[in-house]
Amino acid sequence: MSVFNDPGDARDYIMLASATFMVFLSHSAITYLAAILRDLGVGEAGIGVVMSAPLVPMLAGMVLSGHLMERFGPLKIVRLGFLLILLAHLSLQFTISGFSGVYLSRSFHGLGYGIFMPAGMTYVKGKLRPEKMVYPFGIYSSSIILPNIVGPWIMENLYEASGLQGLFLLTAIPSLFGNVLAGLLRPEAPPERKEARMGYS
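Figured I'd write up the structure that's included with this text. Note that the coordinates shown come from a computational prediction; the quantities given were computed from them, not determined experimentally. (Residues numbered from 1 in each chain as written. Predicted model: local features only at pLDDT ≥ 70, side-chain atom pairs only at ≥ 80, totals over all residues. Heavy atoms only, no water.)

## With respect to the overall build of the chain
Here's step 1: Along the backbone of the chain there are eleven helices and zero strands.
Here's step 2: Listing each helix as α and each strand as β along the chain from the N terminus yields α-α-α-α-α-α-α-α-α-α-α.
Here's step 3: What you see for the chain is a C-alpha radius of gyration of 18 Å, in line with the 17 Å of a compact globule of 201 residues.
Here's step 4: If one aligns the C-alpha atoms of the chain with their principal axes, the spans along those axes are about 65 × 30 × 25 Å.
Here's step 5: Taking the 14 positively charged and 12 negatively charged side chains of the chain as two groups, their mean positions are separated by 7 Å. (Helix = DSSP H or I, 4+ residues; strand = E, 2+ residues; numbered from the N terminus. Rg over C-alpha atoms; globule rule 2.2 N^0.38 Å. Lys, Arg positive; Asp, Glu negative; His and termini not counted. Charge placed at Lys NZ, Arg CZ, Asp CG, Glu CD.)

Pasting the structure below:
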């Protein structure tokens, strides 16, 4: 028996997992930002403040995400979260020279992440049969974590090759493709249609 409710859900699952991997490939590259800030003369205390900037907005985003999903559904909120992450990443190209600007960019990173997380998980769960959910749900979750293996390495090599010139524009390219893929996803089925599709009366 398939883990998906229908073949279209399998397609959506694969597309969202791919989109999530690409968005977080760009997002994970920001881990190298600490080294860049150090080169720009920012002290350890300042670096710590910048790198922790996403925490409070992320928590606020997670709370906000639930309210937004109730009104708009999870897919639109996934797209909103992805878009905020992309725009925050791109903005670093223009804010990197100022502490306040970098702090603001990082804060929007956190907000986008917080908005996306509950919506992404909810959307994926809606594509899976409850009795077969655990394994594919774990695979999807790995699409958020695995980019951390290569993202910082990509950022480091691009930075060493050409410095800050176009650095954040280039590393945002995977996130841009992820946003495009998310735009092609189907909305989650309404509850009454999902029940009928799963064989409930």
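Still more ground to cover, so stick around.
## Observations concerning helix H8 (residues 151–162)
Here's step 1: Over its twelve residues, H8 extends 17 Å from the first C-alpha to the last, a length consistent with the 16 Å expected when each residue adds 1.5 Å.
Here's step 2: Of all the residues in H8, the buried ones are Gly151, Pro152, Met155 and Tyr159. Projection of H8 onto a plane perpendicular to its axis shows the buried side chains occupying an angular sector of 95°, all on one side. Seen from the open side of H8, the exposed residues pointing more than 90 degrees away from its buried face are Trp153, Glu160 and Ala161.
Here's step 3: Where H8 is buried, its residues contact helix H1 (7–29), helix H2 (33–39) and helix H9 (167–171).
Here's step 4: Where H8 ends, the next residue or the one after it, Gly163, has phi of about 70°, a positive value. (Expected span 1.5 Å × (residues − 1). Buried < 20%, exposed > 50% of the residue type's maximum accessible area, 1.4 Å probe, protein only. Arc of directions from axis to C-beta. Contact = heavy atoms within 4.5 Å.)

## Section: a nonpolar patch on the surface
Here's step 1: There is a patch of nonpolar side chains on the surface, built from Phe21, Leu146, Ile149, Val150, Trp153 and Ile154 and spanning about 550 Å² of accessible area.
Here's step 2: Relative to the helices and strands, Val150 is located in the loop between helix H7 (134–145) and H8. (Patch = residues over 30% accessible without salt bridge, like charges linked within 9 Å, V, L, I, M, F, W, Y side chains within 5 Å. Areas by Shrake-Rupley, 256 points an atom, 1.4 Å probe, with all protein chains shown as cover. Salt bridge = Lys/Arg side-chain N within 4 Å of Asp/Glu carboxyl O.)

## Points about the packing of H1 against helix H5 (residues 74–95)
Here's step 1: Close contact between H1 and H5 brings their axes to 10 Å; oriented N to C, the two are set at 25°. If you check the angle between H1 and H5, you find them roughly parallel. Between H1 and H5 lies a crossing of left-handed hand. Contacts from Leu16, Ala19, Thr20, Val23, Phe24, Ser26 and His27 in H1 reach Val78, Phe82, Ile85 and His89 in H5.
Here's step 2: Looking at side-chain class alone, the contact of H1 with H5 contains seven nonpolar, four polar and no charged residues. (Axes fitted to C-alpha atoms, helices over the stretch in contact; angles between N-to-C directions. Parallel < 35°, antiparallel > 145°, perpendicular 65-115°, else oblique. Left-handed = near helix turned anticlockwise from the far one by under 90°. Nonpolar A, V, L, I, M, F, W, Y, C, P; charged D, E, K, R; others polar.)

## Observations concerning the environment of Leu68
Here's step 1: Tracing the sequence through the fold places Leu68 in helix H4 (residues 55–72).
Here's step 2: Look at Leu68 and you get buried, because its relative accessible area is 19%.
Here's step 3: For the pair Leu68 and Ile115, spaced 47 residues apart in sequence, the C-alpha separation works out to 8.8 Å.
Here's step 4: Those residues in contact with Leu68, other than ones at most four positions away along the chain, are Gly73, Ile77 and Leu80.

## Examining the nonpolar core
Here's step 1: With 31 residues, the main nonpolar core has Leu16, Phe24, Phe82, Phe116, Tyr140, Ile144 and Leu185 as its most contacted residues.
Here's step 2: Going through the elements one at a time, H1, H4, H5, helix H6 (99–127) and H7 are the ones with two or more residues in this core.
Here's step 3: Those residues in contact with Ile144, other than ones at most four positions away along the chain, are Thr20, Phe24, Tyr113, Phe116, Met117 and Met121.
Here's step 4: Ile30, Val50, Val102 and Leu167 belong to the second-largest nonpolar core, a separate cluster that totals 16 residues. (Core = buried A, V, L, I, M, F, W, Y, C linked by side-chain atoms within 4.5 Å.)

## Focus: the packing of H4 against H6
In a packed pair of helices, the relevant descriptors are the angle between the two axes and the axis-to-axis distance.
Here's step 1: One can describe the packing of H4 onto H6 by two numbers: an axis separation of 7 Å at closest approach and a directional angle of 40°. As the angle between them shows, H4 and H6 are arranged oblique. Here H4 and H6 pass one another in a crossing that is right-handed. Only Ser107, Gly110, Leu111, Tyr113, Gly114, Ile115, Met117, Pro118, Ala119 and Thr122 of H6 make contact with H4, whose side of the interface consists of Pro57, Met58, Gly61, Met62, Leu64, Ser65 and Met69.

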